[in-house]
Amino acid sequence: MKKMMTGNEAIAYGAYLNGVRVGAAYPGTPSTEIMESFATYPGVFSEWAPNEKVALDVGIGAAYAGTRALVAMKHVGVNVAADSLFYAVYTGLKGGLVIVTADDPNMHSSQNEQDNRNYAKFAKIPMLEPSDGEEAKQFVGLALKMSEKFDTPVMLRSVTRLSHSSTPVEISTDEPPPPAEPPLYERNIRKYVMVPANARLRHPIIEARLKELAEYAESLPINRIEPGDDTLGIVAAGAAYQYAREVFPKATFLKLGMVYPLPEKMIREFAAKVKTVLVVEELDPFFEEQIRLMGIEVRGKDIFPTIGELSPSLIRECVAKAGLPVDSPAQSEVAATDASASIELPIRPPMLCPGCGHRGLFHVLREANVVVLGDIGCYTLGAAPPLSALHTCGCMGASIGVAHGVSRAGIKDRFVAVIGDSTFFHAGIHPLINTLYNNSAVTTIITDNRVTAMTGHQQHPGTGITLQEQETEAIDLEQLARGIGFKKVDVCDPYDMEKLSEILEDHLASEQPSVIVAARPCVLYTREKSTPPRVDPEECTDCGACLELGCSPLMQEEDHVSIDPLLCNGCGLCMQVCPVGAITRD
Amino acid sequence: MKKIDFILAGVGGQGTILASNILTEVGLELGYDVKKAEVLGMAQRGGTVESHVRWGEKVYSPLVEEGEVDFLVGFEMLEAGRWSLYLKKDSTVIVNRYRIPPPAVNLGKAVYPKEEEIESMLKTIAEQVFWVDAMKIAQDLGNPAVAGVILLGVLSSRVGGSSDAWLKVVERLVPAKFQELNRKAFLAGQEAAST
Ligand SMILES: Cc1ncc(C[n+]2csc(CCOP(=O)(O)OP(=O)(O)O)c2C)c(N)n1
């Protein structure tokens, strides 16, 4: 029987079927649903770790203890986890460990589009890349076996178009293997304690293992030559393989399931069969450079972009431009292009939801005219007009350290750091400690909406609930800051803009390291709603003050503003900013 | 088996996801190979949502190519307009006569195009453009949330063939207590398509 599954669901299913018992992740698009889905299977333990590095250490620990483990993260999560990745490659593990990296070409929801295949080469770790759900399920099983056979973690790469695409997946009638009796922990100091003397012994093993893996890749059925017309020989993997297959139904293909290390003999045999070798890959010339180093002539990034996603249309266009044989698209697009250009369609950028507490905070920050060293989450939308009140966003946890650097450099402006609660638990605690340790006058504002909102409302260490819906200790941000040693800590509801503004002024004037917790649960999560206020058109002077909140239910009419009661959440921020009291609630 | 490419376009919260799930399962039910791609990144924050659904003998890419869509279903007028580059002469376009103004329009900083403008743009490319008051029909049925299933009813009539598979999947994928309502909504869509 077949069932439609997203790539993410298929990865989780593959892990379950192959006896994975421990899963750990930190949310991040497009990887999030892997662990959400895995958590629902019987007999497994699965958690949200505070960040990707912790998640990977958890997976490594489980694998050291002999259990099969799954760790998942978005591409930039691997940067956070990289230190652990590199040592795990050295130590190896007892149980199989699969590390999923979900890359995001085109940055549908990311701050960059790094190509994590480079990590495979960098860390000297094998990497598999499935091209649909069925492969995703199967490759997880294969990765686990490889992990145990070669004593190394194995990476599995996905991209947005695999993670978030649904394809039919064969449902197995077999039960996953039952859990084994807990073994005694293998105490092998030489292998698992990476002091230089031991690590030096490990490095040659890693190099030899890579050679063995490359040899293994030659006979691995997931690397295969698909014979066809010999004018073009296309090398491709993953989602790019599917796009290329769509465009070249008859060409000869080298379909790579294992993207590192590469099967050199197979590539040579393939290149000898075809007139032109064409590498179709998204982002970096990862295959292309390696194949060139083999002395084989290829076309690739001279034709295709290194930026963004590929698609069948784009491949067709690029190949035609390069003068290589390709079917032109079935329909002329001239009429469509002309017609589309004939009217302007206003864009629909994401924005803070009606009722979002972040809005109150950013209104206060804008009024205070402070520089905001920001971070990643829904609150990054504070940078969008008309609020335009957040001035940096680089990676998770950067805000506080950057603010400290700014403070030490010295600027005329007043400034604050703004960081979300989930982001704070992820990477904010260390830089916060640093502001106290190195005594800088940074005011850190933690936007405590009691959930990881941006990625779709996951639990985190502050919520008191685990991924598998167990109640647990909720870590209190105010207590945490005080426990670290902060003397100046305040908690305020950002709906109360007057009070928040007072507290902010007080903290800025105090010129000491301090913390403000802006506490208001995410309304999209709680689904709470109050009675929407109304604008009295007679009283409204059409001054536009309320529109500066950038709240979608507020609408510009002919000579006044109105509120759409269906969209309004009733937070009342607009009532607070109206200078003439024209907005009231019955 | 002829390939059929669909794009469902709307605004976060309009039910495009349920509708694309139904469409995907119907394809499977009818014996097609099926793929679906979705970008939902910031959907919950009022952004644009798009689903590509492809039926065929063997489907490779989950993405519909420009100039290749067979059926475009716009859950919102502006969003229907956004996909014009994907249309061809014999595409069928189904547009929900419903507008959700983007923020720039609310702020008076951009203009929402007129219905006639969207209509004429779509018509210069695709011959078949159908307007449906799905939101109004849904409200008459007592629940605006079923607008998506009404649009699927319209779509099923245009795709042709028996509606048994469609109804079966609709009933399977919606919560039990809303089965009857969704069944009515689907049939209301089919009726709207025939008038
Ligand atoms: C290293 C890394 N991991 C994950 C992400 C994905 N991500 C972006 S924002 C965010 C969480 C934001 O949650 P929070 O700080 O609570 O802010 P909210 O969205 O709730 O306002 C996540 C997980 C990322 N960008 N980088």
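Residues numbered from 1 in each chain as written. Chains lettered and ligands numbered in written order. Predicted model: local features only at pLDDT ≥ 70, side-chain atom pairs only at ≥ 80, totals over all residues. Heavy atoms only, no water.

**Comments concerning helix α20 (residues 497–510) of chain A**
Residue and element names in this part refer to chain A. Given a rise of 1.5 Å per residue, 14 residues ought to cover 20 Å, and the 20 Å separating the end C-alpha atoms of α20 matches this to within 8%. Buried within α20 we find Met497, Leu500, Ile503, Leu504, His507 and Leu508. The buried residues of α20 occupy an angular sector of 130° when projected down its axis, which confines them to one face. Looking at α20, the residues exposed on the side facing more than 90 degrees away from the buried face are Glu498, Glu502 and Ala509. The secondary structure elements touched by the buried residues of α20 are α15 (357–367), β15 (415–420), β16 (443–448), β17 (488–492), β18 (514–519) and α22 (573–577). Positive phi appears at Glu511, one or two residues downstream of α20, with a value of about 50°. (Helix = DSSP H or I, 4+ residues; strand = E, 2+ residues; numbered from the N terminus. Expected span 1.5 Å × (residues − 1). Buried < 20%, exposed > 50% of the residue type's maximum accessible area, 1.4 Å probe, protein only. Arc of directions from axis to C-beta. Contact = heavy atoms within 4.5 Å.)

**Regarding the interface of chain A and chain B**
If you look at the interface, chain A gives 52 residues, while chain B gives 55 residues. When the buried surface of chain A facing chain B is broken down by residue, A:Met4, A:Pro346 and A:Arg348 rank first, second and third, together holding 18% of it. At the junction of chain A and chain B, the tally comes to four salt bridges. In this structure, A:Arg316 engages B:Glu65 in a salt bridge whose closest nitrogen and oxygen atoms are separated by 2.6 Å. Linking chain A to chain B there are 14 residue pairs in polar contact (both at pLDDT 80 or more). (Buried area = accessible area lost by both parts, 1.4 Å probe. Salt bridge = Lys/Arg side-chain N within 4 Å of Asp/Glu carboxyl O. Polar contact = N/O pair within 3.5 Å; in protein donor to acceptor, adjacent residues only side chain to side chain.)

**Digging into unusual backbone geometry**
Residue and element names in this part refer to chain A. That bond from Tyr260 to Pro261 is cis: its omega, -10°, falls within 30 degrees of zero. Looking at where Pro261 falls in the secondary structure, it is placed in the loop between β12 (258–260) and α11 (264–273). Non-glycine residue Arg527 carries a positive phi angle of around 60°. Overall, the relative accessible area of 65% leaves Arg527 in the exposed class.

**Some details on the site of the ligand**
All names here are of chain A. Among the 26 residues in the neighbourhood of the ligand, the closest are listed as Glu52, His358, Asp421, Thr423 and Asn449. In the model, an oxygen atom of the ligand is placed 2.8 Å from a nitrogen or oxygen of the Cys378 main chain. For the ligand, whose free accessible area comes to 590 Å², the fraction covered by protein is 97%. If you list the elements that add at least two residues to the shell around the ligand, you get α4 (75–91) and α17 (421–427). Among the elements that line the shell around the ligand, the one with the most residues is α17, at four residues. Considering only residue class, the shell around the ligand consists of 11 nonpolar, 12 polar and three charged. Residues lining the shell around the ligand come from more than one domain, with at least three contributed by each of domain 1 (2–219) and domain 3 (357–526). (Near = heavy atom within 4 Å. Areas by Shrake-Rupley, 256 points an atom, 1.4 Å probe, with all protein chains shown as cover. Nonpolar A, V, L, I, M, F, W, Y, C, P; charged D, E, K, R; others polar. Domains from an automatic or database assignment.)

**Looking at the sheet that holds strand β14 (residues 371–373) of chain A**
Residue and element names in this part refer to chain A. Spatially, β14-β15-β16-β18-β17 is the arrangement adopted by the five strands of the open sheet, whose pairing is parallel. Only two strands of the sheet have a single neighbouring strand rather than two, namely β14 and β17. Direction aside, neighbouring strands of the sheet carry axes that sit 25° apart on average. Where β15 meets β16, four bridges bridge the pair, whose relative direction is parallel. Residue pairing for β16: Ile419 is matched across the bridge by Ile446. Sheet strands in contact with α20 are β15, β16, β17 and β18, and its direction is about 165° off that of β17. (Pairing = 2+ DSSP bridges. Axes fitted to C-alpha atoms, helices over the stretch in contact; angles between N-to-C directions.)

**Quick look at the side chain of A:Asp421**
All names here are of chain A. Along the chain, Asp421 turns up in helix α17. Side-chain polar atoms of Asp421 contact the backbone nitrogen of Arg450, separated by 2.8 Å. At a separation of 3.0 Å, a polar atom in the side chain of Asp421 contacts the side chain of His460. Here Asp421 is in contact with Ile446, Thr447, Asp448, Asn449, Arg450, Val451, His460 and Leu477, once residues within four sequence places are set aside.

Shape is all these values report; function is a separate question.
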